[in-house]
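# Summary of the model geometry
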Amino acid sequence: MDLYLLAELKTISLKVTTVDMQKPPPDFRTNFEATHPPILIDNGLAILENEKIERHIMKSVPGGHNLFVQDKEVASLIENLYSKLKLVLVRKDEQKSASLRAHLGRIDGLLERRGTRFLTGDTMCCFDCELMPRLQHIRVAGKYFVDFEIPTSFRSLWRYMYHMYQLDAFTQSCPADQDIINHYKLQQIATKGLLSPTLTRQRKDEPTTPALKMKKHEELETPTFTTSIPVDINDSNAEE
């Protein structure tokens, strides 16, 4: 997403190539073996792993350093959000759901207090590139697996998401709803631990089944993207 934003600002040219890791192309296998994306190739130099890619963007990509701001409050506030989502997806548990809602409420409070379009100001930074994909996973996977929804009372958070949905940097890098859901289905197969109301825990003596993988009709259906906002962001006094 950082790179999409820089491409949108026309500081770099960007080409994105998707890879099916179940059937990677021969040149990918030859060059990268079993390495999983993302992989950044800049003037022939391949950079692997998220942290190394971020450092390269910050130090070597034109305009990249402008994305990496220092804000300890924001950094500490968003770092555990994804892990709380995964705890909610383990099973439908109101205590874990309440913890995730409380965490989202703190982010809503920060946005309301600061009054900015994005986390640290009126322009995007690296923290927005981390937070918004996590919020999208919460919206899509949370609703699908455990019927979790971001409360409409978090108006500043919804206003923030609305602004993010207007950016090509997010919409062009955001996976379809089906891909997000399938990502967690595959995790369920791998760990045998994540549950949803329609799934049952697999016994140790049961073979691993591909039943949770994306079905053929899901692969062929038109991709959907959840980008609607359930509140009127221009009406601060609207009821839920």
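Only a predicted model underlies this, so the values are computations on that prediction, with no experimental measurement involved.

Attention now moves to helix α6 (residues 94–114). The first and last C-alpha atoms of α6 sit 30 Å apart over 21 residues, in line with the 30 Å expected at 1.5 Å per residue. Listed in full, the buried residues belonging to α6 are Ser97, Leu100, His103, Leu104, Ile107, Asp108, Leu110 and Leu111. Projected down its long axis, α6 shows its buried positions confined to an angular sector of 160°, all on one face. Those residues of α6 that are exposed and angled more than 90 degrees off the buried face are Glu94, Gln95, Glu112 and Arg113. Of the residues that open α6, the one with a side-chain oxygen 2.8 Å from the backbone nitrogen of Gln95 is Asp93. Downstream of α6 by one or two residues, Gly115 has phi in the positive range, about 65°.

Now for the nonpolar core. One finds Leu104, Leu135, Leu157, Tyr160 and Met161 to be the most contacted residues of the largest nonpolar core, which totals 57 residues. Tallying contributions element by element places helix α7 (residues 126–146) first for this core, with 11 residues. Mapping this core onto the domain boundaries places at least three of its residues in each of domain 1 (1–67) and domain 2 (72–172). If near-sequence neighbours (up to four positions away) are discounted, Tyr160 is found in contact with Leu111, Arg117, Phe118, Leu119, Asp128, Leu131, Met132 and Leu135.

Along the chain, the position of Asn234 falls in the segment after α11 (216–220). Exposure remark for Asn234: the relative accessible area of 72% places this residue in the exposed category. Residues Asn234 and Arg155, spaced 79 residues apart in sequence, show a C-alpha to C-alpha distance of 9.8 Å.

With that settled, the discussion passes to the packing of α6 against helix α8 (residues 155–165). Closest axis-to-axis distance for the α6/α8 pair is 7 Å, and the angle between their directions is 75°. By the criterion of interaxial angle, the relationship of α6 to α8 is roughly perpendicular. Mapping the contact onto sequence places Leu104, Ile107, Asp108, Leu111 and Glu112 in α6 and Arg155, Ser156, Leu157 and Tyr160 in α8. Along the lines of polarity and charge, the residues of the contact of α6 with α8 split into five nonpolar, one polar and three charged.

A few words now on the side chain of His137. As for its placement among the helices and strands, His137 is situated in helix α7. Reaching out from His137, the side chain makes a polar contact with the side chain of Tyr184 at a distance of 2.7 Å. Among all residues touching His137, those that are not within four sequence positions of it are Tyr82, Leu85, Gly142, Ile180, His183 and Tyr184.

At a closest axis distance of 8 Å, the pairing of helix α5 (residues 81–90) and α6 adopts a crossing angle of 155°. As summarised for this structure, α5 and α6 are arranged roughly antiparallel, according to the angle between their axes. Like other packed secondary-structure pairs, α5 and α6 cross with a definite hand, here left-handed. Here Leu81, Lys84, Leu85, Leu87 and Val88 of α5 lie close against α6, whose contacting residues are Lys96, Ser97, Ser99, Leu100, His103, Leu104, Arg106 and Ile107. By residue class, the composition of the contact of α5 with α6 is seven nonpolar, three polar and three charged.

Here the focus is α8. Counting along an α-helix, one turn takes 3.6 residues, and residues three or four places apart therefore face a common direction. In terms of burial, α8 is largely enclosed, as nine of its 11 residues are buried. Every buried residue of α8 is listed here: Arg155, Ser156, Leu157, Trp158, Tyr160, Met161, His163, Met164 and Tyr165. Where α8 is buried, its residues contact α6, α7 and α9 (168–171).

Two strands pair when backbone bridges link them, and strand β1 (residues 39–42) and strand β2 (residues 45–48) are joined in this way by four bridges, in the antiparallel orientation. The residue bridging Ile39 from the neighbouring strand is Leu48, located in β2. Linking two consecutive strands that pair antiparallel, namely β1 and β2, is a turn of two residues; a positive phi of about 55° is found at Asn43 within it.

Definitions and cut-offs
Residues numbered from 1 in each chain as written. Predicted model: local features only at pLDDT ≥ 70, side-chain atom pairs only at ≥ 80, totals over all residues. Heavy atoms only, no water. Helix = DSSP H or I, 4+ residues; strand = E, 2+ residues; numbered from the N terminus. Expected span 1.5 Å × (residues − 1). Buried < 20%, exposed > 50% of the residue type's maximum accessible area, 1.4 Å probe, protein only. Arc of directions from axis to C-beta. Polar contact = N/O pair within 3.5 Å; in protein donor to acceptor, adjacent residues only side chain to side chain. Core = buried A, V, L, I, M, F, W, Y, C linked by side-chain atoms within 4.5 Å. Domains from an automatic or database assignment. Contact = heavy atoms within 4.5 Å. Axes fitted to C-alpha atoms, helices over the stretch in contact; angles between N-to-C directions. Parallel < 35°, antiparallel > 145°, perpendicular 65-115°, else oblique. Nonpolar A, V, L, I, M, F, W, Y, C, P; charged D, E, K, R; others polar. Left-handed = near helix turned anticlockwise from the far one by under 90°. Pairing = 2+ DSSP bridges.

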